[in-house]
Amino acid sequence: MMSDVVAGPLSLDDIPDLLALFHRYDRVYFGEPLMDADDLEAELAAPDLDLAADTLGLRTPDGALVAGGFLTPRGHLEAQFAEGWDSPELLSRLVDFGENRGRQRELDVVFQFLAEADTEGAAWLLDRGYRHGYTAWIMRLDPTTPIAGRELPAGYAVRPFTLADAEAVYNVVLDAFGEWESSPQRSFADWRAHILDRPHVDPSAFRVATHEGEVVGAAIVFDSADEAWVAQLAVAKPHRGRGVAQQLLAETYAAARARGIPHAGLSTDTRTGALDLYRRLGMRVLFTLKNYELPLG
């Protein structure tokens, strides 16, 4: 099989074929696709990612993409395969590529996500020297579940995002996520590419929380056909414990229902301690994933 493939970098033209590889894995372990084309395009078109150096596609001699992977500047390693092509040799080839690229970037670690049920994949990574980093959950708010908000203390408000809020929101997100993320910080240009320049994005759907006019929190939401997905939720540390995050989510999801989006979703993990917050909002755990990381020192 190794002799039957041609290796080379991916391009943005490969997004539909690469997305099909992601969906094959998703359907096996989750029963439905998790990633959409906008997600993938935002990753591959990011200004901090070098398609020539950070991606690898494996193709049959007639050009069919049978495996593809990439390493983001923050160390997220992806390796996906067509059915019947996930041999140990090809898997090692893609993962070797990502790990070596991480060393070239002088990253401390690279990491991958696997479905909790993918015990074979987890055993392969553990044998390779990876360690379990944390557990992540994909959560959903069903259409019939009431949205539970919070009355905010005096001085606080939630309103729609405007483009003038971009840098303030970026700083709130950077500080909040930086408390528990070990990956390199995302630049403003990279954040903007993932958030504001994402295909089909509607920034008017975002919500910001303010305290006496200053931005202290934000909810970044992306719509699909049937789900409003909160990709980032952050509140500045001095303003936590006052119901700001819950009210941000409540207003974000209420606005999504008003737009005709029936479901709402987000992901959280064991590092944030936010699981109970989302359950209080009426959300349920839909899928569980495991993060595996490899120190590169």
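Note that the structure is a prediction, hence the values are computed from the model and not measured.

Caption draft 1: Spatial organisation of the nonpolar core. Ranked by size, the top nonpolar core spans 50 residues in total, and within it Val-169, Trp-191, Tyr-253 and Tyr-278 carry the most contacts. With eight residues, helix 6 (residues 166-178) is the largest single contributor of residues to this core. Counting 40 residues, the second-largest nonpolar core is a separate cluster that includes Ala-79, Ala-82, Leu-94 and Val-95.

Caption draft 2: Looking closely at the pairing of strand 9 (residues 214-223). Within strand 9, eight of the ten residues are buried, leaving the element largely enclosed by the surrounding structure. Here five bridges tie strand 8 (residues 207-211) to strand 9, and the two strands are oriented antiparallel to one another. Looking at the pairing, Arg-207 lines up with Ala-219 of strand 9. Taken together, strand 8 and the strand that follows it, strand 9, pair antiparallel across an intervening segment of two residues, in which Glu-212 is found at a positive phi of about 50°. Direction of pairing for strand 9 relative to strand 10 (residues 227-235): antiparallel, over a ladder of seven bridges. Bridging from a neighbouring strand, Val-221 pairs with Val-230 of strand 10. Between strand 9 and the antiparallel strand that follows it, strand 10, lie three residues.

Caption draft 3: Structural context of helix 4 (residues 88-104). Its 17 residues give helix 4 an end-to-end C-alpha distance of 24 Å, which sits within 8% of 24 Å, the value for a rise of 1.5 Å per residue. Within helix 4 the residues assigned to the buried category are Leu-90, Leu-94, Val-95, Gly-98, Glu-99, Arg-101 and Gly-102. Projected down its long axis, helix 4 shows its buried positions confined to an angular sector of 165°, all on one face. Projecting away from the buried face of helix 4 at angles above 90 degrees are the exposed residues Pro-88 and Gln-104. A positive phi of about 60° marks Glu-106, the residue just after helix 4.

Caption draft 4: Structural detail: the sheet that holds strand 10. The sheet built from eight strands is open, its strands ordered 5-12-6-11-10-9-8-7 with mixed pairing. The open sheet has two free edges, formed respectively by strand 5 (109-115) and strand 7 (156-160), since each of these has just one partner strand. Averaged over all pairs of adjacent strands, the angle between their axes in this sheet comes to 25°, without regard to strand direction. Pairing between strand 10 and strand 11 (residues 263-269): four bridges, direction parallel. Residue pairing in the sheet places Val-230 in a bridge with Leu-266 of strand 11. Along the sheet face, helix 8 (residues 244-258) touches strand 6 (131-141), strand 7, strand 8, strand 9, strand 10 and strand 11 and points at about 155° away from the line of strand 10.

What counts as what
Residues numbered from 1 in each chain as written. Predicted model: local features only at pLDDT ≥ 70, side-chain atom pairs only at ≥ 80, totals over all residues. Heavy atoms only, no water. Core = buried A, V, L, I, M, F, W, Y, C linked by side-chain atoms within 4.5 Å. Buried < 20%, exposed > 50% of the residue type's maximum accessible area, 1.4 Å probe, protein only. Helix = DSSP H or I, 4+ residues; strand = E, 2+ residues; numbered from the N terminus. Pairing = 2+ DSSP bridges. Expected span 1.5 Å × (residues − 1). Arc of directions from axis to C-beta. Axes fitted to C-alpha atoms, helices over the stretch in contact; angles between N-to-C directions. Contact = heavy atoms within 4.5 Å.

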